[in-house]
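An overview of the molecular structure
So you can see what is in the structure, the chains are spelled out below.
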Amino acid sequence: MAEQGVTVLRDMAHDMVIRAEKGRRGVCVSFPDMRLLVLFHKEGVPFITAEAWTSYMGRADMIDEIRSRPDLVPVSPGAFYTNTWEINCF
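Residues numbered from 1 in each chain as written. Predicted model: local features only at pLDDT ≥ 70, side-chain atom pairs only at ≥ 80, totals over all residues. Heavy atoms only, no water.

What follows covers a nonpolar patch on the surface. Residues Val-73, Val-75 and Tyr-81 make up a contiguous nonpolar surface patch of about 240 Å² in total accessible area. Tracing the sequence through the fold places Tyr-81 in the loop between β5 (48–53) and β6 (86–89). Of the residues examined, Tyr-81 reaches a relative accessible area of 38% and is grouped as partly exposed. (Patch = residues over 30% accessible without salt bridge, like charges linked within 9 Å, V, L, I, M, F, W, Y side chains within 5 Å. Areas by Shrake-Rupley, 256 points an atom, 1.4 Å probe, with all protein chains shown as cover. Salt bridge = Lys/Arg side-chain N within 4 Å of Asp/Glu carboxyl O. Helix = DSSP H or I, 4+ residues; strand = E, 2+ residues; numbered from the N terminus. Buried < 20%, exposed > 50% of the residue type's maximum accessible area, 1.4 Å probe, protein only.)

Structure below.
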């Protein structure tokens, strides 16, 4: 993902603290079952958006066979999977 204003952090610790440059504000993001943390930011805007992902999104110019994606979490019919993540602001 090479879009301006997007940072992808992968294969890192599953907890991250992000602090404001000024003051004491920040967030702690916990994403135990996900391998990517995606940060969206724009110059001049006083906030960021954080999303935890299990895999990269598909590409608009490419059709994937979903079973060939090793980074997706398979869930059988009738089964369920719970994935949680948490953001604590301070």
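Still to come is the rest of the account.
So, about the environment of Met-34. Along the polypeptide, Met-34 turns up in the loop between β3 (26–30) and β4 (36–41). By relative accessible area, Met-34 is classed as buried at 7%. The spacing of Met-34 and Ile-87 is 53 residues in sequence and 14 Å in space, taken between C-alpha atoms.

Let us look at the nonpolar core. Membership of the largest hydrophobic core is limited to eight residues, which are Ile-18, Val-29, Phe-31, Met-34, Leu-37, Leu-39, Ala-50 and Ala-52. Of all the secondary structure elements, the ones that give two or more residues to this core are β4 and β5. What Ala-52 contacts, discounting residues up to four positions off in sequence, is Phe-31, Met-34, Leu-36, Leu-37 and Trp-85. (Core = buried A, V, L, I, M, F, W, Y, C linked by side-chain atoms within 4.5 Å. Contact = heavy atoms within 4.5 Å.)

Strand order in the open sheet formed by three strands is β2-β3-β6, and the pairing between neighbours is antiparallel. Since the sheet does not close on itself, it has two edges, and those belong to β2 (15–19) and β6, each with one partner. The sheet shows a mean angle of 15° between the axes of neighbouring strands, taken without regard to direction. In this structure, β2 lies alongside β3, joined through five bridges in antiparallel fashion. What sits directly across from Val-17, in β3, is Cys-28. (Pairing = 2+ DSSP bridges. Axes fitted to C-alpha atoms, helices over the stretch in contact; angles between N-to-C directions.)

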